[in-house]
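# Breakdown of the fold
Next come the chains, spelled out residue by residue.
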2 protein chains.
Amino acid sequence: MINLDAMLSDNAKNMKKSAIRELLKLTSRPDIISFAGGLPAPETFPVADLKEAADIVFDKHSAKALQYGTTEGDVDLKAEIIKFEARQGVTLKDENLLIVSGSQQALDMVPKLFINPGEYVIAGRPSYLGALNAIQAYQGKVLGIPFTPEMDGFDMDVLARSYSRLVQGGGKAKYIYVIPDFQNPAGLCWSLEKRKALLKFAYDHDLFILEDSPYREIRFLGEHVSSIYQLDQHGENRGIVINLKTFSKILAPGTRTGWIMASEAIINKLVVAKQAMDLCSGVFTQKWLAEYMKSGKIYEQIKQTCENYRVKRNFMVEMLEKHMPKRYDVKWTKPEGGLFLWISLPKYISTDELLLKAIEQEKVAFVAGSGFYFDEPEHNAMRINFSYSSTELIEDGVKRLARIITKEIETYEAGHRAKTLPEGM
Amino acid sequence: MINLDAMLSDNAKNMKKSAIRELLKLTSRPDIISFAGGLPAPETFPVADLKEAADIVFDKHSAKALQYGTTEGDVDLKAEIIKFEARQGVTLKDENLLIVSGSQQALDMVPKLFINPGEYVIAGRPSYLGALNAIQAYQGKVLGIPFTPEMDGFDMDVLARSYSRLVQGGGKAKYIYVIPDFQNPAGLCWSLEKRKALLKFAYDHDLFILEDSPYREIRFLGEHVSSIYQLDQHGENRGIVINLKTFSKILAPGTRTGWIMASEAIINKLVVAKQAMDLCSGVFTQKWLAEYMKSGKIYEQIKQTCENYRVKRNFMVEMLEKHMPKRYDVKWTKPEGGLFLWISLPKYISTDELLLKAIEQEKVAFVAGSGFYFDEPEHNAMRINFSYSSTELIEDGVKRLARIITKEIETYEAGHRAKTLPEGM
């Protein structure tokens, strides 16, 4: 009989099940309040407008929408995206754009294009685990760079030292993976200075930058900061930045459609890769999105989504301040956009273990922070999502979370006191 | 400045632009009659029924349909596919099924799962080039096996000899890729005996079989033959066959949705691979297809599509018989299903060169046969599609094709006669 495991490729042996997606299954139980997923709020989906757009496709464009399409993507959708990006100050030609089946497909295509087994991607500690898993599936490695205490981006000194050590040791890095806008998982936003510094670092060391911007439009506080793609475009314009966007966060994940912006040379290579991966992304969906974009409603849609999330984020921060233990070593980010915040706990707490207790004892779920590290994970943090739950569930969930964290700290400290007290007392 | 080519992975250096997809762009000019694409007939798309199904999704399931879904696929769609396959005698559990973004995604996932650089897939000469390109993108190699003169499947003697030579030379093969039903490009259908022989060969040599069945339901003549997946299931049930199906040919390619049937162990591995590739396939589209399938209209839809293609195939064969040069070395397959037939020409004709003349001089296009070979291509054949064009265009296109072929043969023979005549005459 055939031994499946023995037949697997080295790529496959290196693939990791996504802890988050496994967890999502567990937390779909209705009695659990889950802050684990990265799900947009379903009440933001503009169902009637989307139906109207789909009707137009059925009535006017069915022969094209139901047929095969080009690998590059639907021309109508690309034209709408070019207008959408132009309003943000990004200049694009058709040749700079590739439609993909969600950002995750792009996160899979880029390491396939660049990474040989053992080669490196430079990425934040922590980083989006879907990107890390895609890199691992090509046997790539990750050089992890921590953020500064100010959370304004990479610690550039550590980056310089780590990279230099890597190169001296014979290691080869191909690109830097960053999520400068409301980073998943920590929700932090890079300063303009840090973005410029990273671009300069990439220029100086002949590295590409993969800038993942799923949350860029979901800013509900503070001021817009130029993307690294824009900084390159309006500066030396070397075309080394690959920028990813998706309809998942600004409209609806069920469309599974995103786009890649890059130099024509890179897009051409990605098109060849995509031909062998899925020929083209969903054609009906692309026509549908094109019709929706033509209606011009996307801008009001994004505004309303941001307003919804601002309320929820503020409420979650308020609830955390009210219910969480008041200690210097229990803290959370206060993101100006995106879907997540990041809670840091005392060093002695492992959120991997805490998660099981939280689900069992309090029926509340989060993502343990360790999943967002390629190697040598930190264990004392968690990612929680504020976009999906109602304010009622946020209040109830944060109370539950605060209870289990308080209990964990008290248990540890009681044990610690007992241990440090003289024997016999 | 960065040198893009120098930064590419070995995988990327091995990627080939799909000749067909490049050609499709060229042949989209309205003055060209193209038999090149593999496009279904747009008049078969059941637009009103599909709109009705989409309306149900908007009205009843929008919150789920517009949200993220599971990697495994929508449960409703899977339930409908299980019923659909049961009517064909295939027994499936939910765990045997994975929804993918068209068969091409599956053709990409399987080599990713099994093939290390330099390892082999066994495949027909000729074979579907999208599958060959996907294998190459992981630096896999192909052991090409010719078909018998009866066109009833692989020449099993050649398979045995070639495989034994490969193993003796230290080569490692992981799976056999076949399209037993109306194979792309040649349109031929494997006999039951040949399917059984291939399954036995795979059993004997511990190989998986990747059975690609996009055209299986598109049979318009003759009798249904059991799939290799079924032969394994109803025989020793070793679970070594991975069977691919798609909605592209039985309904509409614009849905970009297909499914993989395999053992639970293989599906589990493919799910992990897919997590890193695109998280999940289009959720709205899956719900939409589920609603359409629930209507039960797919069976009548397939029947009407087959009837449409039977008429077109018969008409194309009739036109070929009427207009093509009547010679022993000009012949074509007469498929009982699928979308294509395969024309063989005299050995001295290169269809790669003929194609350019056909487009320029006669404004008719086909796919040169050489694209369907991994290595050492044959050059004297072409694939032509009968599903897409109207009968008017089929008649006109075959006339044009016959003219350019006749001219090519006459030119060669005139030159040949001239050369063989004594000098000076």
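Residues numbered from 1 in each chain as written. Chains lettered and ligands numbered in written order. Predicted model: local features only at pLDDT ≥ 70, side-chain atom pairs only at ≥ 80, totals over all residues.

## Notes on the overall build of chain A
Helix and strand counts for chain A stand at 17 helices and 13 strands. On C-alpha atoms alone, chain A measures out to a radius of gyration of 22 Å, which is about the 22 Å that the 2.2 N^0.38 rule sets for 425 residues. C-alpha atoms of chain A, sized along the principal axes, occupy 80 × 60 × 55 Å. Within chain A, buried positions represent 56% of all 425 residues. Contacts in chain A between residues at least 24 apart in sequence constitute 75% of all its contacts with a sequence separation of at least 6. (Helix = DSSP H or I, 4+ residues; strand = E, 2+ residues; numbered from the N terminus. Rg over C-alpha atoms; globule rule 2.2 N^0.38 Å. Buried ≥ 20, exposed ≤ 12 C-beta atoms within 10 Å, placed from the backbone. Contact = placed C-beta atoms within 7 Å.)

## Observations concerning the sheet that holds strand S8 (residues 258-261) of chain A
As a general point, the strands of a sheet are linked pairwise by backbone hydrogen bonds and lie either parallel or antiparallel. All names here are of chain A. Across the sheet, seven strands lie side by side as S2-S8-S7-S6-S5-S3-S4; this open sheet has mixed pairing. Every interior strand has two partners, whereas the edge strands, strand S2 (97-100) and strand S4 (141-146), have only one. When the angles between neighbouring strand axes are averaged without regard to direction, this sheet yields 25°. Sitting on the sheet, helix H13 (residues 264-278) is in contact with S2, strand S7 (241-246) and S8, with an inclination near 30° to S2. (Pairing = 2+ DSSP bridges. Axes fitted to C-alpha atoms, helices over the stretch in contact; angles between N-to-C directions.)

## Quick word on the sheet that holds strand S5 (residues 173-178) of chain B
Residues and elements named next belong to chain B. Strand order in the open sheet made by the seven strands is S2-S8-S7-S6-S5-S3-S4, with mixed pairing throughout. Both edges of this open sheet fall to strand S2 (97-100) and strand S4 (141-146), since each of them pairs with a single strand only. Taking each pair of neighbouring strands and ignoring which way they run, the sheet shows an average axis angle of 25°. In terms of strand pairing, strand S6 (residues 208-212) meets strand S7 (residues 241-246) through four bridges, oriented parallel. The residue of S7 that forms the bridge with Glu 211 is Asn 243.

## Examining the packing of helix H7 (residues 103-114) of chain A against helix H13 (residues 264-278) of chain B
At a closest axis distance of 5 Å, the pairing of H7(A) and H13(B) adopts a crossing angle of 100°. In this view, H7(A) runs roughly perpendicular relative to H13(B), as classed from their interaxial angle. Across the interface between the two elements, A:Gln104, A:Gln105 and A:Asp108 from H7(A) touch B:Ala276, B:Met277 and B:Asp278 from H13(B). (Parallel < 35°, antiparallel > 145°, perpendicular 65-115°, else oblique.)

## Some points on the pairing of S4(B)
Residue and element names in this part refer to chain B. Of the pairings in the sheet, the one linking strand S3 (residues 120-125) to S4 comprises six bridges and is parallel in character. The partner of Ala 123 across the bridge, within S4, is Gly 144. At this point the chain moves from S3, through helix H8 (residues 129-136), to the parallel S4, and the crossover so formed is right-handed. (Right-handed = clockwise from strand over helix to strand, strands pointing away.)

## Some words on the relation of the copies chain B and chain A
Rotating chain B by 180° about the axis while translating it 0.0 Å along that axis superimposes it on chain A, leaving an RMSD of 0.0 Å. In short, the pair behaves as if placed about a two-fold rotation axis. In this assembly the copies share their binding face: 98% of the residues contributing to the interface of chain B also contribute to that of chain A. (Least-squares fit on C-alpha atoms with pLDDT ≥ 70 in both.)

## Regarding helix H16 (residues 351-362) of chain A
Residues and elements named next belong to chain A. Across its 12 residues, H16 extends only 14 Å between first and last C-alpha, which sits more than 12% below the 16 Å expected from 1.5 Å per residue. For H16, every residue scored as buried is listed here: Thr 351, Leu 354, Leu 355, Ala 358 and Ile 359. Along the axis of H16, the buried positions cluster into a sector of 135°, meaning they face one direction only. Of the exposed residues in H16, those oriented more than 90 degrees away from the buried face are Glu 353, Leu 356, Glu 360 and Gln 361. In the segment just after H16, Lys 363 is the residue with positive phi, at about 50°. (Expected span 1.5 Å × (residues − 1). Arc of directions from axis to C-beta.)

## What about the interface of chain B and chain A?
In many analyses, interface size is given as the accessible surface area lost on bringing the parts together. Contacts between chain B and chain A engage 66 residues on the former and 65 residues on the latter. Among the secondary structure elements, those contributing two or more residues to the side of chain B that touches chain A are helix H1 (4-7), helix H2 (10-14), helix H4 (47-60), helix H5 (62-65), helix H7 (103-114), H8, H13 and helix H14 (283-294) of chain B. For the side of chain B that touches chain A, the leading source of residues is H13(B), giving nine residues. Within the side of chain B that touches chain A, the residues separate by chemical class into 35 nonpolar, 19 polar and 12 charged. (Nonpolar A, V, L, I, M, F, W, Y, C, P; charged D, E, K, R; others polar.)

## Overview of the packing of helix H4 (residues 47-60) of chain A against helix H14 (residues 283-294) of chain A
All names here are of chain A. Two elements in contact, H4 and H14, have axes whose closest approach is 8 Å; the angle formed by their N-to-C orientations is 115°. Where H4 crosses over H14, the two elements pack in a sense that is right-handed. Together, Asp 49, Leu 50, Ala 53, Ala 54, Ile 56 and Val 57 of H4 and Phe 284, Lys 287, Trp 288, Glu 291 and Tyr 292 of H14 make up the contact between the two elements. Counted by class, the contact of H4 with H14 contains eight nonpolar, no polar and three charged residues. (Left-handed = near helix turned anticlockwise from the far one by under 90°.)

## What to know about the nonpolar core
Among the nonpolar cores identified, the biggest contains 266 residues, and A:Ile209, A:Ile260, B:Ile209 and B:Ile260 are the most heavily contacted of them. Residues within four places of A:Ile260 in sequence aside, it is in contact with A:Leu98, A:Val100, A:Ala106, A:Ile242, A:Leu244, A:Ile267 and A:Leu270. (Core = buried A, V, L, I, M, F, W, Y, C linked by C-beta atoms within 7 Å.)

## A look at unusual backbone geometry
Cis geometry is adopted by the peptide bond preceding A:Pro185, which originates at A:Asn184 and carries an omega value of 15°. Relative to the assigned elements, A:Pro185 resides in the loop between strand S5 (173-178) and helix H10 (192-204). Here the residue pair B:Arg125 and B:Pro126 is connected by a cis peptide bond, since its omega of 0° sits within 30 degrees of zero. Along the chain, the position of B:Pro126 falls in the loop between S3 and H8. Phi angles above zero are rare outside glycine, and A:Asp206 is one such case at about 50°. For A:Asp206, the position within the fold is in the loop between H10 and strand S6 (208-212). Classification of A:Asp206 as partly exposed rests on a count of 15 C-beta atoms within 10 Å. We note that B:Leu279 has phi near 65°; this positive angle belongs to a residue other than glycine.

## Examining the confidence of the model for chain A
Per-residue pLDDT for chain A has a mean of 95; in total, 96% of the residues score no lower than 70. As a predicted assembly, this complex carries a pTM of 0.95 together with an ipTM value of 0.95. (pLDDT = per-residue confidence, 0-100.)

## Examining the environment of B:Cys189
Residues and elements named next belong to chain B. Take Cys 189: it is sitting in the loop between S5 and helix H10 (192-204). By C-beta crowding, Cys 189 is classed as buried, having 26 other C-beta atoms within 10 Å. Separated by 41 residues in the primary sequence, Cys 189 and Gln 230 place their C-alpha atoms 16 Å from one another.

## Remarks on the domain arrangement of chain A
Residue and element names in this part refer to chain A. Each assigned domain of chain A is listed here: domain 1 (4-45 + 300-420) and domain 2 (48-296). Each partner contributes residues to the interface: domain 1 has 35 residues there, and domain 2 has 36 residues. Those elements that provide at least two residues to the side of domain 1 that touches domain 2 are helix H2 (10-13), helix H15 (298-323) and strand S10 (340-344). Examining the composition of the side of domain 1 that touches domain 2, we find that eight residues originate from one element, H15, more than from any other. Residue composition of the side of domain 1 that touches domain 2, by class: 16 nonpolar, 11 polar and eight charged. (Domains from an automatic or database assignment.)

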